[in-house]
Amino acid sequence: MNIHPTAIIDPSAHIADDVTIGPYSIIGANVTIGSGCEIGPHVVIKGHTTIGKNNRIFQFATVGEDCQDKKYKGEQTFLEIGDNNVIRENCTIHRGTVQDNSITRIGSGNLFMVNTHIAHDCIVGDDCIFANNAGIAGHVKVGNSVIIGGNTGVHQFCQIGSYAMTGGASLVLKDIPAYVMVFGNPAEATGMNFEGMRRRGWTSETIGLLKRAYKIVYRQGLTLEAAISQLEQDILPNCPEAAIFIDSLKASTRGITR
């Protein structure tokens, strides 16, 4: 274990033997840090927080802090972070509240760029990118491989489906279905992330079917219920990837970004 002598470590913290902790960092009570993690200088981590393996946290990040919710009265709440995440300078990630499930949960392989904020009770999947100054409010759910553009703000309780993408400085007020790209203030749908699909090696047939799926929802003037029914009949049998899109439509509680 390589802990700088100026770091302050609570005796109840559980830290793997090969963790590095930089100068003036503070590791509080009930914090667990897994193998291979690098904690930079001037980082604050509070409990109850569990951090997995091979995460890198840069200077001035605050992880596991009390939430910014006036209902919070000091109850025991939690933060869980997976493996192989990069949390850059000045990021803030807050624990949950008892009004939800008492937990904020971050998956694995994510990149949180400078000054991003993950509020209380948020759920973030795997392999997401949050660009500089992006922030998601309380209770937001983000799928896998999502890209949140710089200076984007996401309203509380919104859901963002897997492979979705927001343009820079977008204001997201409604749910974003899987694969869909949005931009603007307020955000509007501009298409699907087809370039991202091509980079992942998806076939032209699959991409073509998802283009049809997008048009059914966004271009034919159908109600959401009617569009989902048509997707299940015409697209899903030949395109298993459409299931993620359909499921995100069904899961929407705030209405979808159009």
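As the structure is a computational prediction, the values presented were derived from the model and not from experiment.

## A short note on the layout of surface pockets
Which parts of space are left empty comes out when a probe the size of a water molecule is rolled across the atoms. Empty space within the largest pocket amounts to approximately 160 Å³. Lining the largest pocket are 15 residues, with Q159, I160, G161, S248 and A251 sitting closest to its centre. Mapped onto the lining of the largest pocket, the elements with two or more residues apiece are β21 (141–142), β24 (159–160) and α4 (242–251). Among the elements that line the lining of the largest pocket, the one with the most residues is α4, at 4 residues. Split by residue class, the lining of the largest pocket holds 7 nonpolar, 5 polar and 3 charged.

## Structural notes on the sheet that holds strand β15 (residues 103–106)
Within a beta sheet, neighbouring strands are joined by backbone hydrogen bonds and run either parallel or antiparallel to one another. Strand order across the open sheet formed by 8 strands is β3-β6-β9-β12-β15-β18-β21-β24, with parallel pairing between neighbours. The open sheet is flanked by β3 (14–15) and β24, the only strands paired with a single partner. Sheet topology note: the strand β9 (residues 49–51)/strand β12 (residues 78–81) ladder contains 3 bridges and is parallel. Paired with T49 across the strands is L79, a residue of β12.

## Looking at the nonpolar core
Counting residues in each nonpolar core, the largest one holds 70 residues, and the members touching the most others are I33, I45 and F130. Elements represented by at least two residues in this core include exactly β6 (31–33), β12, β27 (180–184), β28 (187–192), α1 (194–199), α2 (204–218), α3 (224–235) and α4. Considering every element that reaches this core, the biggest residue donor is α2, with 8 residues. With residues up to four places along the chain from it excluded, the contact list for F130 reads L111, F112, M113, T116, I118, V124, I136, V142 and I148.

## A short note on the packing of α2 against α3
Across the interface, α2 lies against α3 with an axial gap of 9 Å and an inter-helix angle of 155 degrees. It follows that α2 is roughly antiparallel to α3 by the angle criterion. In this structure, α2 meets α3 at a crossing whose hand is right-handed. Residue-level inspection shows L209, R212, A213, I216 and V217 of α2 in contact with α3, the latter providing A227, Q230, L231, D234 and I235. Split into classes, the residues belonging to the contact of α2 with α3 amount to 7 nonpolar, 1 polar and 2 charged.

## Overview of the sheet that holds strand β4 (residues 20–21)
Strands sit in the order β1-β4-β7-β10-β13-β16-β19-β22-β25-β27-β28 across an open sheet of 11 strands; the sheet is mixed. Each edge of the open sheet is held by one strand with a lone partner, namely β1 (2–3) and β28. In this sheet, strand β22 (residues 147–148) lies alongside strand β19 (residues 129–130) in parallel orientation, the contact comprising 2 bridges. When the sheet's bridge partners are listed, F130 is paired in β22 with I148. The sheet strands contacting α2 are β27 and β28, and the helix crosses β28 at an angle near 150 degrees.

## Overview of the packing of aromatic side chains
This structure, assessed with the given rule, holds 5 aromatic pairs. For the ring pair Y163 and Y179, a centre distance of 5.6 Å and an interplane angle of 15 degrees mean the geometry is stacked. In this pair, Y163 sits in the loop between β24 and β25 (165–166) while Y179 sits in the loop between β26 (171–172) and β27, placing the two residues 16 residues apart along the sequence. For the pair Y179 and W202, a centre-to-centre distance of 5.7 Å together with 80 degrees between the ring planes defines the contact as edge-to-face. Taken as a pair, Y179 in the loop between β26 and β27 and W202 in the loop between α1 and α2 lie far apart in primary sequence, 23 residues in all. Note on Y179: relative accessible area 1%, which makes it buried. Within the aromatic cluster, the residues linked to one another by ring pairs are Y163, Y179 and W202. When the ring centre of F194 is taken as reference, the NZ or CZ atom of K211 above it lies at 5.4 Å. Between R258 and the ring centre of Y218, over which it is positioned, the NZ or CZ distance is 5.8 Å.

## With respect to empty space enclosed by the protein
Following the criterion strictly, the structure yields 1 cavity of 30 Å³ or more and no others. Approximately 30 Å³ is the volume found for the largest cavity. Along its surface, the largest cavity is lined by Y163, Y179, N193, M197, R200 and W202. Looking at the lining of the largest cavity, its residues break down into 4 nonpolar, 1 polar and 1 charged.

Basis of the calculations
Residues numbered from 1 in each chain as written. Predicted model: local features only at pLDDT ≥ 70, side-chain atom pairs only at ≥ 80, totals over all residues. Heavy atoms only, no water. 1 Å grid on protein atoms, 1.4 Å probe; cavity = no way out; pocket = protein on both sides within 12 Å on 5 of 7 lines; lining within 4 Å. Points joined across faces, edges and corners; volume = space filled by probe spheres on them. Helix = DSSP H or I, 4+ residues; strand = E, 2+ residues; numbered from the N terminus. Nonpolar A, V, L, I, M, F, W, Y, C, P; charged D, E, K, R; others polar. Pairing = 2+ DSSP bridges. Core = buried A, V, L, I, M, F, W, Y, C linked by side-chain atoms within 4.5 Å. Buried < 20%, exposed > 50% of the residue type's maximum accessible area, 1.4 Å probe, protein only. Contact = heavy atoms within 4.5 Å. Axes fitted to C-alpha atoms, helices over the stretch in contact; angles between N-to-C directions. Parallel < 35°, antiparallel > 145°, perpendicular 65-115°, else oblique. Left-handed = near helix turned anticlockwise from the far one by under 90°. Phe/Tyr/Trp six-rings, centres within 6.5 Å; stacked < 30°, edge-to-face > 60°. Lys NZ or Arg CZ within 6 Å of the ring centre and 35° of its normal.

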